[in-house]
Amino acid sequence: MKAIYLIRIIAMGISLFLYSCTSAPENNAKNHTIIPLPVSISTHSGIYHLKSPVTISIPDALQPIGNLFSNYTAQLGFKTKLKNKNADISFSLNPSIILPDEGYILTINSTGVKLEAQTEAGLFYGMQTLLQLIATNGKNLPCLEITDFPRFAYRGLHLDVGRHFFPPDFIKRYIDLMARFKFNRFHWHLTEDQGWRIEIKKYPKLQEVAAWRDSTIVGHAGNSNKYDGKRYGGFYTQDEIRDIVQYAAERYITIVPEIEMPGHSRAALAAYPNLGCTGGPYTVATTWGVFDDLYCAGKDETFIFLQDVLDEVMNLFPGTYIHIGGDECPKTRWKQCRLCQQRIKKEKLKDEHELQSYFIQRIEKYLNSKGRRIIGWDEILEGGLAPNATVMSWRGEEGGIAAAKQQHQVIMTPGNWCYLDHYQASAETEPLAIGGFTPVEEVYSYEPLPDSLTETEKKFILGAQGNVWTEYMKTPEHVEYMVYPRALALAEVVWSPKEKKNYDDFLNRLQQLRPLLDRLKVNYARHVFQQPTDK
Ligand code: TNX
């Protein structure tokens, strides 16, 4: 792993050196409005005029990227046609390009547009940059050279489909929008107290019982006793999931599925009450919060169930990482449970925190034996980290800092900057949200590498992620309203060079890209665009 980092640093050094030699002074004119901001743009005089239809040359093996490009340009109102020689736009893989992973070089000069990368993902991101140029310039593209690569390898957005269920078509749209702004990990939060959303063939009651709740609280859980009395739920079939995984892969997005344990498991317990400490009966939760009932850590059948579930999950999701949750587990039940206490004794554990650590380590061992790795919320630090676990730091950055110091990989998602369920403007003028206040500028200001870490420890920070908990988001439109444009600010946090970040410049580019968001019918929040005459 260390060698990889070294190669990366050297490659980055070489590329920065090369580009500083050739770059003309940059300006931020409309003609090269790109989010996230690329590593280097050198502009030249002149334009290249795309023909009608736009011709493209692309090696046969990269046809899927070519097809996507045609679909994307069609959305912008242009037709494309394949042409082997002298095409307007040529896509090619070029092994001699020395750039960090996912990097690309886009050259536009008087003879045409050339897009080159060492990897397919690099070409895909170059294509996204080109699409933004087309969206803002139409067919008259400015002559320029862009060299670009991401700052972080993990660039994530999350979506909670447990509290509210969103149809497969919306999940695809969410993924497609992510890809346009160069995110590469979709953390799909599939199980919750209020609903289990993934079909598991071996346990049909997860579909029949756990996927449905009888009612949903109306208003804020902190101050309401009102319920709507309506049955609510849904789940993704395995066929739908396979289709979504494939759709994401075509966009170079890896899905990180999350199966929560030992907490946030009330829906599963309602279906299989034998898996809880008390034996139930349990109900699928109808309000939001943290509940005392967890999977029983003393019963072997809990682990058999979870391993069976994870077997089906692994069959569906080819990515290395499986998120196993681990957050918000009150120890009330385990303290009173005879079997949990027996387990503590037998395994010579100190307390219930160590029991949680035992639980996570046992699952980790199973997943590692199948070639997979676990990610857990930062509570998995309590009672001792599982040996190969990656920590997702959400209660501030402290968990991430502690994990990096223990040489564990980290994904930063601290609430103050990365929680897209927080209010983005004054609560009085906004639709009901969970709380907090995280406007676009706050998200933009986030720096994923804490000062308190040494350079070596910083290498353990894989990147950052925006979290979208949906207690108070019932519809796809509302999700988009909460996510955009804040996700664009985060896209720049995880992709663009730190020293080039500038909020005013970002806002300028956002303004220029607004027509693209409109064309894609994104229901973005308007606050940062608001003029006195604007609505
Ligand atoms: C905490 S973040 C949770 C979620 C809630 C969220 C609301 C995390 C690991 N757990 O269950 O939805 O706060 O912001």
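Residues numbered from 1 in each chain as written. Predicted model: local features only at pLDDT ≥ 70, side-chain atom pairs only at ≥ 80, totals over all residues. Heavy atoms only, no water.

Focus: the pattern of salt bridges
Okay, step 1: Across all of its chains, the model carries 26 salt bridges by this definition.
Okay, step 2: Residue Glu-480 is joined to Arg-173 by a salt bridge in which the shortest nitrogen-to-oxygen separation is 2.5 Å. Residue Glu-480 is found in helix α16 (residues 476-483), and its partner Arg-173 is found in helix α4 (residues 168-180); the two are separated by 307 residues along the sequence.
Okay, step 3: On the accessibility criterion, Arg-173 (27% relative accessible area) is partly exposed.
Okay, step 4: A salt bridge links Arg-333 to Asp-293; the shortest N-O distance between them is 2.7 Å. With Arg-333 in helix α9 (residues 332-336) and Asp-293 in the loop between α7 (266-271) and α8 (300-316), this residue pair connects regions lying 40 residues apart in the sequence.
Okay, step 5: We classify Asp-293 as buried; its relative accessible area is 13%.
Okay, step 6: Linked by salt bridges that have partners in common, Asp-160, Arg-163, Glu-192 and Glu-471 make up one network. (Salt bridge = Lys/Arg side-chain N within 4 Å of Asp/Glu carboxyl O. Helix = DSSP H or I, 4+ residues; strand = E, 2+ residues; numbered from the N terminus. Buried < 20%, exposed > 50% of the residue type's maximum accessible area, 1.4 Å probe, protein only.)

Comments concerning the packing of aromatic side chains
Okay, step 1: The final tally for this structure, using the stated rule, is 28 aromatic pairs.
Okay, step 2: Both rings, one in Trp-394 and one in Tyr-419, keep their centres 6.4 Å apart while their planes meet at 20 degrees; by these two values the pair is stacked. Remark: Tyr-419 occurs in the loop between α13 (415-418) and α14 (440-444) and Trp-394 occurs in the loop between β19 (390-393) and α12 (398-405); sequence separation between them is 25 residues.
Okay, step 3: Note on Tyr-419: relative accessible area 7%, which makes it buried.
Okay, step 4: In this structure an aromatic cluster arises from ring pairing among Phe-165, Phe-166, Phe-170, Tyr-174, Phe-186, Trp-188, Tyr-236 and Phe-317.
Okay, step 5: Above the plane of the ring of Tyr-125 lies Arg-155, whose end atom (NZ or CZ) is 5.3 Å from the centre.
Okay, step 6: Above the plane of the ring of Tyr-247 lies Arg-251, whose end atom (NZ or CZ) is 3.6 Å from the centre. (Phe/Tyr/Trp six-rings, centres within 6.5 Å; stacked < 30°, edge-to-face > 60°. Lys NZ or Arg CZ within 6 Å of the ring centre and 35° of its normal.)

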